[in-house]
Structure formats: C-alpha cells, structure tokens
Amino acid sequence: MRLLRIRLTNFRGVHDREVQLAEQGVTVLEGDNEVGKTSTVSALDLLVDFRDSSTAAEVRAAAPAGRDAGPEVEAEIVSGPYRVVYRKRWVRRKLTELTVLAPTAEQLTGREAHDRMLAILDETMDRSLWRALRVEQHTPLGQADLGGQDALTRALDRAASGVSGAGAPPGADAAAEDLVERALAEVRRYHGGNNRPVGPLREANERLTAARAEAEAAEASVAEVERDVALRADLDREASSLAVERRSHSERAHELEDRWSAFEARRLEVTAAAERAKAARERSRRATDRQAERARLVERAGDAARAAETADAAIATHEERDAARRSDRDDQQAAWETARAAATEADTASRTADDALATARDRAELADLSERLRRAEAAESARREVERAAAGPTVDAAAVESLEELDRGVVRAEAELAAGAGTVEVVGLDGASGVTADGEAVAPGETRSVPVAGPVTVGVPGVVEVRVRPGLDGAEARRRVEQAREERDRGCAELGVADLAAARAARHAAEDAAGRIRELTAVLDRELGGRTTADVRAEVDRLVERLRPEPAADPRSAKRKGRQAPDGPALFDDPAHVEDADGPDAEARTARAAELEALRREAAQAREAAGEARRAAEEAEQAWRRYDDAVRAAESEIAAARTTGAVARNDADRLAAELADARTAQPDDALDAEATDTLARARRTEADHEQRAAALAADDPDTVEALVVSARRATEAMTERSGEVERRRAEVTGRLQMAGGEGRHDRLTAARDELAAAERDHTSVTRRAAAATRLHSTLARHRDEVRQAYVAPFRREVERLARIVFGPSLALEVDPGLRIVARTLGGVTVPFEALSSGAKEQLGLCARLAVAALVDAEDGVPVMIDDALGHSDPARLERLAAVFTAATTGTTHQVVVLTCSPARYRGIGAARTVPLSPSLPPPAAVPSAEPAPAEDAMSDEATGSAEDPLRDAG
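Before going into details, it helps to say that this report is about the structure given with it. What you see is a predicted model; the values in this text were computed from it and never measured.

1. Considerations on unusual backbone geometry
A cis amide bond links Ala102 to the next residue, Pro103, at an omega of 0°. Even without glycine at this site, Arg93 takes up a positive phi of about 50°. Looking at the secondary structure, you find Arg93 in the loop between strand 5 (82-89) and strand 6 (95-102).

What follows is the structure, given as structure tokens:
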C-alpha cells in the first residue's frame, strides 16, 4: 500500500490542508508543534477503522475546538491493483464515499463504501505489518513485533530459498502457508482460545453432558418411585402400630382422669378449710390488735399525764433561775457603766496630754524652722552678693596661662630688639623734674636705659624734647615686637582685663568667689535639708496657722482641744518674732527639750491609764454580755418549757378523753373475752385444715397430676403422629399415581440409548480434533524449522543498514521471532535491553527500514515515523540519513517522516520535504447552518450508519 495524498478538513486544529506524498522514497513533513503532523496519522486510523456514525471518544476528539463542524478526511491510496479515493466525515452531515479508480471503476457510499474499503485492504495489505512499521509520537522507537507477519514471512521465505520474487513459482509460498493455515483452521473448528472446545467438539461435549444429565435424571426419577413404594409400605405398618398403641393408652388415660377428678374434689375441700382457718385467724388477730391498742392507749395516757406534771415542775425551776440571773445581770450592768465612765474620763485626759505634747512639738519645730530659715536666707543673700561680685569677666587658669604665654612672647621680641638695637640712657640730675624717657618719668638720680627699637622720645617739659629713631636694620625686630604686643593686647581685650596683672587678679577673685559660693550652698543644703526656702517658709506658715487658737466662747472647749495659744500676738505677725521671743540660744532649746520630755511622760502615763480603763470597761462589758446571754437563754428555755408543758397537757387531756370514749364503747373485760374466744376458734379451724391437707397429701396427688399431664401429652403426640403418617401416606400415594402416568421407565430406556449414541459421537469428534491438532503441530513445527532459515536474510539486511551507523564490526543476534537479542561491536556483546536509548532507537529504525526493503512491493506498506531520533547525536543523525537513502534507493517503498526538528533529517538524499504551516479558519468565518433533523436522518440512512460491532472500535 502507498499513500499518495491526504486531505484534512476541520480535523482538530487543522482547518483545511492537503498533503501530497512521494509515491516512493522518503517524504518529510516538517512543521512546528501543534501544526497538525500527528493528526495526519490519526486521521488515517479514523478513516479506516471508524464508521461515519461512530460516537467513539477518538471521533469526538477529532472535532475542532470552538467550532460546530464535523471532521473530514480524504485520502488517495494505491494498494495492490487498486487505486482509490476514500472520503469520510463524522459528527455533522455524516458522509462516506469510496471511488475506485483502478482496475475497475466503482463509486460507493455509506456502509457499502466502508465495507468495500475494508475488503480491499484485507485483500491487498498486511494490516498488522502496517501497525508494526509505524512509530507514533507517544511511543519510543524500539523493536517492532515482526513475528507472524505474512508479507514479511513470504519475503524471507523467498530470500532463504534463493528465489527472487519475480521467478518464484506462482503461489508456492502462499500454498505452503495456506496449508498451515488450513490445518490451524481445522484445529480452531474444535479448539478456541486457551484450548477451549468450540464447534463440533463443543457440540459433542454438550450433547454428551446433556445425555448424561438426562440419564441420571431418568434413573433418579425411577429410583424416586421405588423409594415411594417402600415408604408407603413403611407408613402402612406405622399407621397400624399407632392405632393399637392409641387404644391401649386411651384406657390408661381414662383411669388417671377419674383419679384426678376425685383428687380435685378433695383439694377443693382442703382449700375451703384453709379459707375458713384464714378468716378465723384474721378475726383473732383483729381482736388481739384491739386489746393491744387499748393497753397502749392506757399507757400513753399515763405517760402524757406524767409528762405534763414534769413540764410544770421544770417551768417553776426555770423561772426561779431566771430571777437570780436577772439580778446578777443588773449588777454587772451597773459595774460596766461605771467602768465605761472611767474609761471615757481617762481617754479625755489622754487626749488632752497628747494635744499638749503636739502643741509643744509644733512650737519647738516652729522655733527650729524659723532659726533655720533665718540662717538660710542670710546664706542665700550672701551667695547672691558673691555671685553679683563675680559677674565680671570670667578668667580661668587656661586663659591666664595663654595670656602669660603671649606676654612672654612680647618679652622675647623686645629682648631680640634690644639685643640688635642701640640704647638711650637717660640720667635724671638732682633737682631736675618732669624728665621722661619714652613716656615714662625719670626721677632725679635715676638712670634708665631705653633700647632704640622704635622711636624713643626723651623730654623735659617746657625745656626740650629729643626724638631718637632707629635705623633700617631694626625694622623687622620692631615689627615682631609690635605684633607680639598686639596679640597680647587682643588677648587682654578678649578676657576683658587691662593687662596680665588684672587677669591674674580676676582669676584669683573668681576662684575665691566660687569657693565662697560652694560654702554658702553647703550651708543652704544643711539648713534646708534639700528643700527650698519657699517650702520651709510654707511649713512655718502651716505651723503658725496650726498653733493659732480657735475663737471659742467657752474657755473649756479650748482646754479640750489640748493646744494652748502662745502668749502675745507678735508670734503670728512674723516667724522671726517667735525666735526672738523664745530665744535661739542653747538655754531656750534645752528648756524646750525638757518641757517636751515632761509632756511625753505625762502623755504616756495618760495613755496607759486610758488603756487600763478601756480594758476594765471591756471586761465589765463582756461579763455583762455573758450574764445577758444567760438571761436570754433562760428565757428561751422557759418559753420552750412552757410550750412543752402546754403540748404535754393537751396530749394528756386528749388521750384521757380518747380512753374514756373507748371504754364507754367496749369495756376492758369485754375486749379481753372477745380476744380469748376468737383465738380458740382460730385454733380449731386450723386443726381441721391441717387434718384434711395431711389426708390429701398422703394419697400423693402430685404424682397422679404428673401422670395425668403425661398421659394427655402422649395422647396429643399420638394424635399428631397419626395425622402426620396419614398426610405422608396421602402424599406418597399421590406421587405414585402421578408417576404411573408419566412413563418413567420408558424415559430411562430412551435416555440410556441417547447416552450411548452421544458417547460414540463424542469419541469420534474427539479423535478428529486430536488428529487436527497433531497435523497442525506437525506442520507448524516444520514451518518453524523453516523459519529458522528466515533469520539469516533478515539479520543480513538489518546488519547492512546498521553498519552504516555503527561501523563494519557490527554483528547482531536475532531470535526466531525476528527480534534483536544482542549487539556485538568491536568484539563486545551487549544485550539489546542494556543498550542506550539512542542505540535502541537506531537499531529499531534500521529493522523497520530493512523490513520495508525485504517485503515485496505489492505487499509493502508505508513506514511512518512521527518525530523520532530524539536520542541520537549529530554524527549518528548524519549516518541515519544515509540509512534512509540506502533503504529506499532502487525500491518502490514509501517512508513518511513527521518532525518538528527538520535538522535531524536534512541529510536524507532525494527526500521530498513538505513544510506544514498552521491551517486556521478565516477570522470572520461563520459556521454553516445545521441541516434540518430530517435531512440528518436521511443522510444517516443513505450512508448506512448502523454500527458494526466487529469492525467499529466505537
């Protein structure tokens, strides 16, 4: 078979594309991913395998996404003598068309077209070889299943016998293979898969099984009749035996029933006697209960009277005790009030002493704070004076040192000037006055030397003024002196002093002021204790306010307050007056301390006395409360005793009245006589009951009752058994009557005859099946022996192509199933499964191309490779291109390669390359309207859309 042209319309992602393939040689279909290369192979499978009416998943998957259109495939194929154009559409507007162009023109549609195409392919193409030589995208390029391929077998048979396809006797290989196939067909008449019996052998087995089952059933039915006959005889004997047994048992049962009836009458008499004895006992019990109740009533009335007397005596005793307790309580209450008054007076005296002590403390604290405040204010005033005095220029040690360094610079500069300049000596004569040298007075008799570093003026006021100027040689020295003096003057100006001596004086003054300020600050800290003068003054004001007496009309109220006002109003005008009045000297402080100590002792004594008085008052209160509690308890006891006495008197009166009423209704002697009489009657009735019960028990009524119950149950069992036997006799009789009209013995004879015939037929068919199996195994063994010779030509062709890839040292080991077992390269043999993925796919490709080269052109099928050789390196790819060329040169075989990597197959000589580009529907395309449902039905009917379960995978 050769594929000349294929067209896809609305197939998956392909809108409309037609691909022309080279009738022989290599065709490379190259394109990007998702361009529709694999869809070409899928379309061929769909075209051949699925009817246009199929709804299989493969058909639904072929429909274009997002468009309501049916996928369509058209292919032009040459297979054997036939050249056909086959077209099919699914899902929408279903269509199947077959046009046979050669050898005889035909046009078919629908089911007939589908069936005719399958017949042509089955006649002219080895479809299993078509599947074996294909490499699909999702499967690795491994070894193909080449065993049992008819076209390859015929080619290898010719190669092994050395006869070319053109010169071989017509039909020689086909006749040999047909013989094996006919033998296999004969075997398959008797054995299916897994050696399962089919055809005549299965029919013979089924006939034998049915005959055996029928014979066994007939024998079982006859045996069932024989068992029923025997069972009827047994049931007759059992029915006779049961009748005799029932008559004997009936006589004994009647006797026991009579005895049991007599026992029942006597039992009723015993029961009546028991009832009479029970009633007598009940009457005696009631009489005895009334007698006991009367005795209890008499006893309760006496107890109640005595309880009332006891309660009255207890009330009198409690009342006497209560009077004594009340007297004691009143005495204790008077003692408590006396102690409480003493405690109140002691508390008042203690508070008065505490107030006097607090006033003395406040006055002492006021005097101390006033003195401290005065000293602190004096220190603070002195510190402010010192700070104001030190507010002038601030000169520290570093500034003085810097100024001294500048002064030393002036001295050095003047010394250098004097050393290099002339000197003017001015002598003050006796009696001369007003003589100056360079602005400084010269006293009489004084000699002063002035270096001429700069202009020097010597003058006598009103007489003469001499100016001496230095020469040019001392100008630089004079400039340095002037510069040094300017720097010293600038330093003095910055410090705010006139000269160095003033700076030193300012420094000493600042240090003295700082020391004085520290001393005064220490005095302030000591006197104020970390507080400010305002805080101390506020404390003084608070103490003055607290010591100020409150105006009161009653002098005694001021005395109760405990704080005495200081004498004289001047104390409250100015705190300083307090210190002036009391005196800040040591004698005043000693006096205040002595006064405070005396007041402390008085206050402590007063507090102790108050405490003793309070404790005495508390003890008196506790004693009073104990007496009061005792009085209250006595009152409660009296109330309870009175309640108990009232209840006791009420109970006594009630019980006395109740006893009187009871004696009026029935005196005590009548009640005693009734109890005695009823007790005697009860004893007589009980004796009668015991005699009757003993007589009945002596006759053993329980045994008689058990015998009666047993006899009754035995009678019931015999009756039930007799009914069961009669029922079974009726069933067996009915079965025997039915069996008599069924002819079971005739059926058994016929079943045995059929079994014998079935066994003879089964033996004959089994022998024929065994003969067919032996014939096929013999022919197949001989064929397999011949096939061993097929391996050599296949191996030679594969090695011829593979040596182009692996080199001349390559050798292959091939098994009878035409599978490569191992590869030997450079003397190293490696099993096929241990080879790398690249080596295995390269050998698999060589094997497929070798088959294409070996198979006769009329039997050949296209080799289709979908994107393989992904594991091959560039050098191997170059050699594999030569393999493609070698396998197709000089032959009419067809190879189709689909790839998204064109570089892999660039080296194939004379290959036809077909570039594929995306085939998309026009942007503005609108899906065509669907035909009416009636048209769809007519189309389905015209194309013969009935499913074929043997052909249609859907």
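2. A few points about the sheet that holds strand 13 (residues 464-468)
Strands sit in the order 10-9-12-13 across an open sheet of four strands; the sheet is antiparallel. A strand with exactly one partner marks an edge of an open sheet, and here the two such strands are strand 10 (440-441) and strand 13.

3. A few points about the sheet that holds strand 6
The strands making up a sheet associate through hydrogen bonds between their backbones, and the pairing can be parallel or antiparallel. Spatial ordering of the open sheet is given by 2-1-4-5-6-7, a layout of six strands whose pairing is antiparallel. Each end of this open sheet is capped by a strand with a single partner; those strands are strand 2 (14-20) and strand 7 (106-109). Across the sheet, the axes of successive neighbouring strands diverge by a mean angle of 10°, strand direction being ignored. The pairing of strand 4 (residues 72-79) with strand 5 spans eight bridges and is antiparallel. Pairing of Val78 across the sheet is with Arg83, part of strand 5. Its contacts with the sheet place helix 3 (residues 110-124) against strand 4, strand 5, strand 6 and strand 7, and it is angled at close to 140° to strand 5.

4. Brief notes about the pattern of salt bridges
On inspection of all chains with the given rule, the structure shows 64 salt bridges. Here the salt bridges do not stand alone but share partners, grouping Arg5, Glu18, Glu74, Glu76 and Arg83 into one network.

5. Considerations on a nonpolar patch on the surface
On the surface, a nonpolar cluster with roughly 260 Å² of combined accessible area is contributed by Val463, Val464 and Val466. Along the chain, the position of Val466 falls in strand 13. With a relative accessible area of 40%, Val466 lands in the partly exposed category.

6. Concerning helix 15 (residues 668-698)
Side chains that are three or four residues apart share a direction in an α-helix, a result of its 3.6 residues per turn. If you check helix 15, its first and last C-alpha atoms are 46 Å apart, about what 31 residues at 1.5 Å a residue would give, namely 45 Å. What helix 15 keeps buried is the set Leu671, Ala675, Thr678, Ala682 and Leu696. Packed against the buried residues of helix 15 are helix 7 (199-389) and helix 16 (701-740). Remark: Asp700 follows helix 15 within two positions and exhibits a positive phi of approximately 55°.

Definitions and limits used
Residues numbered from 1 in each chain as written. Predicted model: local features only at pLDDT ≥ 70, side-chain atom pairs only at ≥ 80, totals over all residues. Heavy atoms only, no water. Helix = DSSP H or I, 4+ residues; strand = E, 2+ residues; numbered from the N terminus. Pairing = 2+ DSSP bridges. Axes fitted to C-alpha atoms, helices over the stretch in contact; angles between N-to-C directions. Contact = heavy atoms within 4.5 Å. Salt bridge = Lys/Arg side-chain N within 4 Å of Asp/Glu carboxyl O. Patch = residues over 30% accessible without salt bridge, like charges linked within 9 Å, V, L, I, M, F, W, Y side chains within 5 Å. Areas by Shrake-Rupley, 256 points an atom, 1.4 Å probe, with all protein chains shown as cover. Buried < 20%, exposed > 50% of the residue type's maximum accessible area, 1.4 Å probe, protein only. Expected span 1.5 Å × (residues − 1).

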